[in-house]
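So you can see what is in the structure, the chains are spelled out below.
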Amino acid sequence: MTDELRLGMFLLQNHIFWVIFCGMKTQNATVNDVETIYSLISHYAQFDKMLFRSKAYIFDNLQMFSVAEIDGKVVGCCALQVIWADLAEIKSLAVADEYQNKGIGKALVEKAVEQAKNLGVKKVFALTLEPAFFEKHGFAIVNKKTLPMKVWSDCAKCTKQDNCDETAVEKTLV
Ligand SMILES: CC(C)(COP(=O)(O)OP(=O)(O)OC[C@H]1O[C@@H](n2cnc3c(N)ncnc32)[C@H](O)[C@@H]1OP(=O)(O)O)[C@@H](O)C(=O)NCCC(=O)NCCS
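Keep in mind that this is a model prediction, so the values were computed, not measured.

> What's the story with the overall build of the protein chain in this structure? I'm lost.
Along its length, the protein chain carries six helices and seven strands. Beginning at the N terminus, the succession of helices and strands in the protein chain can be written as α-α-β-α-α-β-β-β-α-β-α-β-β. For the protein chain, with 174 residues in total, the buried portion stands at 30%. In the protein chain, of all internal contacts separated by at least 6 residues, the share reaching a separation of at least 24 is 68%.

Now the structure itself:
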């Protein structure tokens, strides 16, 4: 393999490429993004990879959502919900299949963390089937029982509530 080819492959796999050359950006969601957010979440929810969210839920909670865009196309979403004075939850994180491993999930988590800091929240957590992804971004696995009761409102809507396979991860913000 030539050096040029190696460099090309490295750039393609590197999220810097997607930010600089493809104009990937993260921003607050608008009503125009709801259809795509709904499709992204529904796609993974059908495989039990994340919790289903209705369009009504997404509209009701639109201020919590951010999206990642490439060339004006929404390719990922993420929500941040403040739970209490010291805690916020990162939820509904999804990146379209064909855009994975390009740094988009990382960019969405970083935006959520930045939002939490701006809101004065000291800790963020997630309940996830992908703990290794979060560990890579400075989160630590914690016992679910350490999370406050208020966190469990979503569980009432979950089909797996008696057999939860999600892992709790959290990150203290500095
Ligand atoms: C999990 C998910 C959001 C990751 O998004 P992504 O855009 O593919 O991830 P990124 O490209 O930003 O990855 C950043 C880093 O994390 C790593 N990573 C990505 N997915 C990972 C995983 N499942 N486990 C461990 N590491 C992972 C990448 O290799 C990359 O590492 P590097 O910086 O050393 O190159 C995405 O795979 C997804 O949408 N999955 C389906 C929905 C889902 O499971 N959501 C649940 C999250 S609560």
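> Got a minute to help me understand the site of the ligand in this structure?
In the neighbourhood of the ligand, 20 residues make up the surrounding shell, with Gln100, Gly105, Lys106, Ala132 and Phe133 lying closest. Among the secondary structure elements, those contributing two or more residues to the shell around the ligand are β4 (87-95), α5 (104-118), β5 (123-128) and α6 (131-135).

> How should the environment of Ser92 be read in this particular structure?
Its location among the elements puts Ser92 in strand β4. By C-beta crowding, Ser92 is classed as buried, having 26 other C-beta atoms within 10 Å. The spatial distance from the C-alpha of Ser92 to the C-alpha of Ile37 is 9.1 Å, given a sequence separation of 55 residues. Apart from the residues within four sequence positions on either side, Ser92 is in contact with Ile41, Met50, Arg53, Cys77, Cys78 and Ala79.

> Just checking my understanding: could you explain the environment of Phe52 for this structure?
Along the chain, Phe52 turns up in the loop between α3 (34-45) and α4 (55-60). Along the backbone, Phe52 and Ser42 are ten residues apart, and their C-alpha atoms lie at a distance of 5.9 Å. Aside from chain neighbours lying at most four places away, what touches Phe52 is Ile41, Ser42 and Ala45.

> Whenever I open this one, unusual backbone geometry confuses me. Can you help?
Of all residues except glycine, most have a negative phi; of all peptide bonds, most are trans. At Asp48, a residue that is not glycine, the phi angle is positive and equals roughly 60°. Tracing the chain through its elements places Asp48 in the loop between α3 and α4. Taking the number of C-beta atoms within 10 Å as the measure of exposure, Asp48 has 13 and is therefore partly exposed. Even without glycine at this site, Ser92 takes up a positive phi of about 50°.

> When you look at the sheet that holds β4 in this model, what are you seeing that I'm missing?
Pairing between the strands of a sheet is mediated by backbone hydrogen bonds and can be parallel or antiparallel. Spatial strand order, β1-β2-β3-β4-β5-β7-β6: seven strands in an open sheet with mixed pairing. A strand with exactly one partner marks an edge of an open sheet, and here the two such strands are β1 (25-28) and β6 (140-142). Shown here is a sheet whose adjacent strand axes are inclined to one another by a mean of 30°, direction ignored. Each of β2 (65-70), β3 (73-84) and β4 touches α3; the most contacted strand, β4, lies at about 85° to it. On top of the sheet, α5 reaches β1, β2, β3, β4 and β5; it is set at about 30° to β3, its chief contact.

> Looking at this model, I keep getting lost on α3. Mind explaining?
Owing to its 3.6 residues per turn, the α-helix brings residues three or four apart onto one side. When the terminal C-alpha atoms of α3 are compared, their 16 Å separation across twelve residues agrees well with the 16 Å that a helix rising 1.5 Å per residue should span. All buried positions along α3 are accounted for by Ile37, Leu40 and Ile41. Viewed end-on, α3 has its buried residues packed into an arc of 90°, placing them on one side of the element. Where the residues of α3 are buried, they touch α4, β2, β3 and β4.

> Mind showing me how you'd approach the pairing of β4 here?
Two faces belong to every sheet, and in a regular strand the side chains alternate between them. With eight of nine residues buried, β4 lies mostly within the body of the structure. Pairing between β3 and β4: seven bridges, direction antiparallel. Bridge pairing in β4 links Leu80 to Ile90. Count of turn residues in the β3/β4 antiparallel hairpin: two residues. For β4 and β5, the ladder comprises two bridges, and the chain directions are parallel. Considered in β5, the bridge of Glu89 is made with Phe125. In the classification by handedness, the crossover that spans β4, the intervening α5 and the parallel β5 is right-handed.

What counts as what
- Residues numbered from 1 in each chain as written.
- Predicted model: local features only at pLDDT ≥ 70, side-chain atom pairs only at ≥ 80, totals over all residues.
- Helix = DSSP H or I, 4+ residues; strand = E, 2+ residues; numbered from the N terminus.
- Buried ≥ 20, exposed ≤ 12 C-beta atoms within 10 Å, placed from the backbone.
- Contact = placed C-beta atoms within 7 Å.
- Near = placed C-beta within 6 Å.
- Pairing = 2+ DSSP bridges.
- Axes fitted to C-alpha atoms, helices over the stretch in contact; angles between N-to-C directions.
- Expected span 1.5 Å × (residues − 1).
- Arc of directions from axis to C-beta.
- Right-handed = clockwise from strand over helix to strand, strands pointing away.

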